[in-house]
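# Structural overview for review
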Amino acid sequence: MGVQMQWIKFEEKVEDGGVRWSAPLVPALPLHSLFQLRTCLQKGTMLLDLDALSFKEIIDKALSEQPEEAELRPELRGRLAALLLCQPQHQTTKSLLRLLAELALSPCQGKAKSWTEPGAQVSETPLKEQLRNQFKKKVPPGAEAAHVAVGEVKFLEKPFSAFIRLRQGVALGSLAEVALPSRFLFILLGPRAKVKAYHEVGRAMATLLTDEVFQRVAWQAEHREDIIAGMEAFLDELTVLPPGKWDPSARIPPPSCLPSPHRRTTMHPSDRQLHGDGDMSAAGDRAGLAHPRSGEELERTGRLFGGLLRDIRRKAPWYGSDFSDALHPQCLSAVLYIYLATVTNAITFGGMLGDATANMQGVLENFLGTAFAGSIFCLFSGQPLTILSSTGPMLVFERLLFSFSQDHSLDYLEFRLWIGLWVAFFGVVLVATEASHLVRYFTRFTEEGFCALISLIFIYDSLKKMRSLADAFPINWQYRLDNVTSYSCTCNLSSPGHSSAGNDTLLPSPLAPWQHPATLAGLSRTQCLAGGGHLLGTSCQYVPDVTLLSFLLFGVTFLSCTAFKRFRSSRYFPAAVRKLVSDFAIILTILASCAIDATLGLETPKLLVPSELKPTNPARGWIIFPFGANPWWVCLVSVVPAVLVTILIFMDQQITAVILNRREYKLQKGAGFHLDLLCVSLLMVVTSATGLPWYVSATVISLAHMESLRKESITSAPGEHPEFLGIREQRLTGLAVFVLMGVSVFMAPVLKHIPMPVLYGVFLHMGVAALNSIQLTDRVRLLLMPAKHQPDLPYLRHVPLRRVHLFTVIQLLCLALLWVIKSTVAAIIFPVMLLALVGIRKGLERVFSLHDLSWLDSLLPNAAGEEAEGTRPGRRQAEESSGEGSELMPRRGPEINISVN
């Protein structure tokens, strides 16, 4: 007997030649084979909860307890028992090194060597090949094996079938390909001329046993009728493909995601027929992706600081694990990635702050402020995965505030101090009154608008910085190859006004006394200018290749980051290698780009960090005093801009918090909306008093931080995608990032070797990755696609396409309005416009039905109750139970071997 197929979740076949397993595939069964299987289960031997300790004992009991109408003659039982006890020949999964070794030792060997000699019986102990079989890594923990043996036997006159369930999982020696306890056995042997029918019945049985719903039936069945009822339920869900409309030999690849088995069992039959599995799966996904506005984090307590106290009680038990959970190599990758991203952001926004405020706040202030505020936030916040940073909207407000101070002869830093104190006061008031409850009104419409704006700012700033390189290092557009003989640049140390043929007067220079004028051609530009000379020639202003190489490094970095991040799902190399490359994608890209830059040796612009701890503007100190430079009434007038800053901080902080705490990230330690807002508010006091920039949650960098800490299942069945387990929730990565930010001033000799175009490429990658993570981007692509080429998205099944396009256009108009306001003199009302997005979303209920909004967006709290009243019970039940099936089913993925005689 030889093993021809195996299942964990999907079918795998042994290809012709018997030396290679096929790729996993979805089994396609003949309908007649299922009917034949039902007949076998109805009339054949069935032993439930059999007590047996060996394969021989199982076979003896199966042959001795046959139904009377199917009982075999005694002489046939012995021959059949001897046949079933023969050792099956397994097709082992070998590593690449082992295959190469076998080829080197026996290059002419045409057939794989089996574990045992032909005719040997099943061993009672596992063979050493079973114990070292690498295939066991693919089997989920706690799995048990099921064996399906089918074939034709020439001495049988009528078929013999048996379905056996053991009371306890028993290790059946060398029967299985890997050493696993066995629980189920199915045997079907019969006379010749029906081998194909037996084979298909065996495939049908194996497919049933890998179905999670039927597994539960098979585990709990007490009588034959229970097994038959489970199979009838399987047939009720069956989908039949017409024979003339598809190729039966075609192999169907496994889907990217599977429906929850719990959703299948709770769905009413009429709902199943009406909606179909795909619609119900989409409904469950829609419910699963909603943000936790109904969670207890946002419920009002009715007491002052009640929400804050509840956040502290929720997060306190996890505080110790917030540090121990960071002891994983993946966290090292996240620290390096986010550190470089934060450094780039600090230099970029620090430079723009310096330009906007006459260096009252510069790169050094941004470094120190980021290190201090970020460290405190990571230690005491409710969601430590959030990364604090300077943001585009805050930069706009700082620019307007400095211009107003200059126009009205006010001291900028003192004026800013009073604004910061008022903002901190308003923030504490918002925390005390549980204003974070309003986050329930931030739906996908508002979140995507803000996330898209911040992502576009990242993309625009990275491209803008690269464009400025062409001005700093100009390209010689007038270069012509034919005129190469006329291009030169020499050092002339003679007086510009005194030159004659052969009578140049040399000026005094710091050159060595023995320096001969003939060697002046070898002087560098710096030496020539230091010697009092000047440059003559047509190519003296040309900087060769710097701009070109900078753009190449920029593009290579962006493309490499994207490619390495996607390498996890590649077909090449083992899973451990793919995961390692994907986790360290950004670091590998930066190291490779730095190596290319160092090899070519061109003077590309490098990362320059401050090396001295002193204010960027010498006219200011480290402590800002509240009185002295401005009139007394400034402390009262500051209330007006403080209200706008409070709105901006509340919207920026809480929208980012809502995005990071979505259910799709499967966070286990809960959110802390009130605690986060309190930390940001109190930090405003310190940063305002020291003249450091104001900090709030950075949406794009925080999303990148979350993505770099994704956890996936270690084992996955062939054809099954690794299961997303959640985010590695801890405080240490963020804390390490901000500590490194603080010591960056002492790391200048190392950091100066990193080209700025490389970091701008990382910036572009982060912006594009964040932009691709929102549904708005998918709907924008639909605007450019013909209907027949559009993907099968869930909301397209339920919302007319023109309504989808209308919703997208409205979102794009709001996004364009935010961008225009941010970029013009009207930027002072930008915080109010962010708040207006919530009002616009409320107004959309007059344009779209609640049904359409429930698929395109999340419903507002008051509208959600109305929609729920009109929701059909079956559909609502399916949505509520979405994602919970894995807890109701025992996590078993039985390995199933089909042996054909």
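Residues numbered from 1 in each chain as written. Predicted model: local features only at pLDDT ≥ 70, side-chain atom pairs only at ≥ 80, totals over all residues. Heavy atoms only, no water.

Looking only at helices and strands, the protein has 36 helices and 13 strands in total. Split into buried and exposed, the 901 residues of the protein put 51% on the buried side. If you take every contact in the protein between residues at least 6 apart in sequence, the share linking residues at least 24 apart comes to 80%. (Helix = DSSP H or I, 4+ residues; strand = E, 2+ residues; numbered from the N terminus. Buried < 20%, exposed > 50% of the residue type's maximum accessible area, 1.4 Å probe, protein only. Contact = heavy atoms within 4.5 Å.)

Moving on, we get to the packing of helix α17 (residues 444–472) against helix α31 (residues 801–823). At their nearest, the axes of α17 and α31 sit 10 Å apart, and the two run at 50° to each other. Between α17 and α31, the interaxial angle falls into the category oblique. In the packing of α17 onto α31, the handedness of the crossing is right-handed. Contact residues: R444, F445, E448, G449, A452, L453, L456, I457 and Y460 in α17; F807, I810, Q811, C814, L815, L818, W819 and K822 in α31. In the contact of α17 with α31, the residues fall into 12 nonpolar, 2 polar and 3 charged. (Axes fitted to C-alpha atoms, helices over the stretch in contact; angles between N-to-C directions. Parallel < 35°, antiparallel > 145°, perpendicular 65-115°, else oblique. Left-handed = near helix turned anticlockwise from the far one by under 90°. Nonpolar A, V, L, I, M, F, W, Y, C, P; charged D, E, K, R; others polar.)

A full pass over the atoms with the stated rule returns 24 salt bridges. R662 is the partner of E447 in a salt bridge, and the nearest nitrogen-oxygen pair spans 2.4 Å. In this pair, E447 is assigned in helix α17 and R662 in the loop between α23 (639–660) and α24 (673–689), connecting sequence segments 215 residues apart. Here the two residues E447 and R662 agree in accessibility, since each one is buried. A salt bridge links R662 to E664, with the nearest nitrogen and oxygen atoms 4.0 Å apart. (Salt bridge = Lys/Arg side-chain N within 4 Å of Asp/Glu carboxyl O.)

We now examine helix α16 (residues 412–432). What sets the pattern is the α-helix's 3.6 residues per turn: residues three or four places apart point alike. Helix length check: α16 (21 residues) gives 30 Å between terminal C-alpha atoms against 30 Å at 1.5 Å per residue, within 8%. Taking burial as the measure, the 21 residues of α16 include 15 buried ones, the bulk of the element. Measuring from the side-chain oxygen of the N-cap residue of α16 to the backbone nitrogen of L413 gives 3.4 Å; that N-cap residue is D411. Looking one or two residues beyond α16, the residue adopting positive phi is E434, at roughly 55°. (Expected span 1.5 Å × (residues − 1). Polar contact = N/O pair within 3.5 Å; in protein donor to acceptor, adjacent residues only side chain to side chain.)

Within the element layout of this structure, W694 appears in the loop between α24 and β10 (696–697). Here the alpha-carbon distance between W694 and L388, two residues 306 residues apart in the chain, equals 9.5 Å. Once residues within four sequence positions are removed from consideration, W694 is found in contact with S390, M394, F397, E398, R416, I419, G420, V645, M684, T687 and S688. Of the polar contacts made by the side chain of W694, one reaches the side chain of S688; its length is 2.8 Å.

This next bit is on unusual backbone geometry. With phi around 60°, F305 is a residue other than glycine that occupies positive phi space. Tracing the chain through its elements places F305 in the loop between α10 (269–288) and α11 (306–315). The class of F305 is partly exposed, set by a relative accessible area of 31%. The phi dihedral of S409 is positive, around 55°, even though this residue is not glycine. With respect to the helices and strands, S409 occurs in the loop between α15 (392–407) and α16. Under the relative-accessibility criterion, S409 is labelled exposed at 67%.

Right, let's talk about the confidence of the model for the protein for a bit. Detailed conclusions should not be drawn from predicted coordinates in areas where pLDDT is low. Residues with a pLDDT of 70 or more make up 78% of the protein, whose mean pLDDT is 77. Across the protein, α24 holds the top mean pLDDT of 91, while helix α36 (residues 885–888) sits lowest at 32. (pLDDT = per-residue confidence, 0-100.)

Attention now goes to a nonpolar patch on the surface. Taken together, the side chains of L783, L784, V809, L812 and L813 define a hydrophobic patch exposed on the protein surface, amounting to about 460 Å² of accessible area. When residues of the nonpolar patch are assigned to their parent elements, the largest contribution, 3 residues, is made by α31. (Patch = residues over 30% accessible without salt bridge, like charges linked within 9 Å, V, L, I, M, F, W, Y side chains within 5 Å. Areas by Shrake-Rupley, 256 points an atom, 1.4 Å probe, with all protein chains shown as cover.)

Once that is clear, we can look at the environment of S381. Inspection of the secondary structure assignment puts S381 in the loop between α14 (363–380) and β7 (388–389). Relative accessible area serves as the criterion here: at 0%, S381 is assigned to the buried category. Taking the C-alpha atoms as reference, S381 lies 8.8 Å from V680; in sequence the two are 299 residues apart. Within the structure, S381 has its side chain in polar contact with the backbone oxygen of F377 (distance 2.7 Å).

Moving on, we get to helix α2 (residues 55–64). Three or more residues of α2 are buried, namely F55, I58, I59, A62 and L63. Projected onto a plane normal to the axis of α2, the buried residues spread over an arc of 125° and lie on a single side. Close packing links the buried residues of α2 with β3 (45–50), α3 (74–84), β5 (160–171) and β6 (181–190). (Arc of directions from axis to C-beta.)

Below, the discussion takes up the environment of V26. You can see V26 is positioned in the loop between β2 (11–13) and α1 (31–43). Note on V26: relative accessible area 24%, which makes it partly exposed. Measuring from C-alpha to C-alpha, the distance between V26 and P255 comes to 8.5 Å, with 229 residues separating the pair along the chain. Ignoring anything within four residues of it in the chain, the contact list for V26 reads F10, I252, P253, P254 and P255.

Evaluation of the coordinates by the stated rule reveals 15 aromatic pairs. Summarising the aromatic geometry, the rings of F807 and F848 are spaced 5.6 Å apart at their centres and angled 80° between planes, so their arrangement reads as edge-to-face. One end of the pair, F807, is in helix α31; the other, F848, is in the loop between α32 (830–843) and α33 (850–856), and 41 residues separate them in sequence. Each member of the pair F807 and F848 is classed as buried. An aromatic cluster of at least three residues, connected via ring pairs, comprises F163, F184 and W219. A cation over an aromatic ring shows up here: R416 above the ring of W694, its NZ or CZ 4.3 Å from the ring centre. (Phe/Tyr/Trp six-rings, centres within 6.5 Å; stacked < 30°, edge-to-face > 60°. Lys NZ or Arg CZ within 6 Å of the ring centre and 35° of its normal.)

This part is about the pairing of strand β4 (residues 145–152). With 7 of 8 residues buried, β4 is to be regarded as a mostly interior element. Judged from the 8 bridges that link them, β4 and β6 form a sheet pairing that is parallel. Bridged to G151 within β6 is L189. (Pairing = 2+ DSSP bridges.)

This part takes up the packing of α17 against helix α25 (residues 699–707). As a packed pair, α17 and α25 sit with axes 9 Å apart at the nearest point and diverge in direction by 95°. Judged by the angle between their axes, α17 and α25 are roughly perpendicular. Of α25, the residues touching α17 (which contributes F450, C451, I454, S455 and F458) are T699, V700, I701 and L703. Of the residues in the contact of α17 with α25, the class split is 7 nonpolar, 2 polar and no charged.

Locating H674 in the fold gives a position in helix α24. The exposure class assigned to H674 is buried, which follows from its relative accessible area of 2%.

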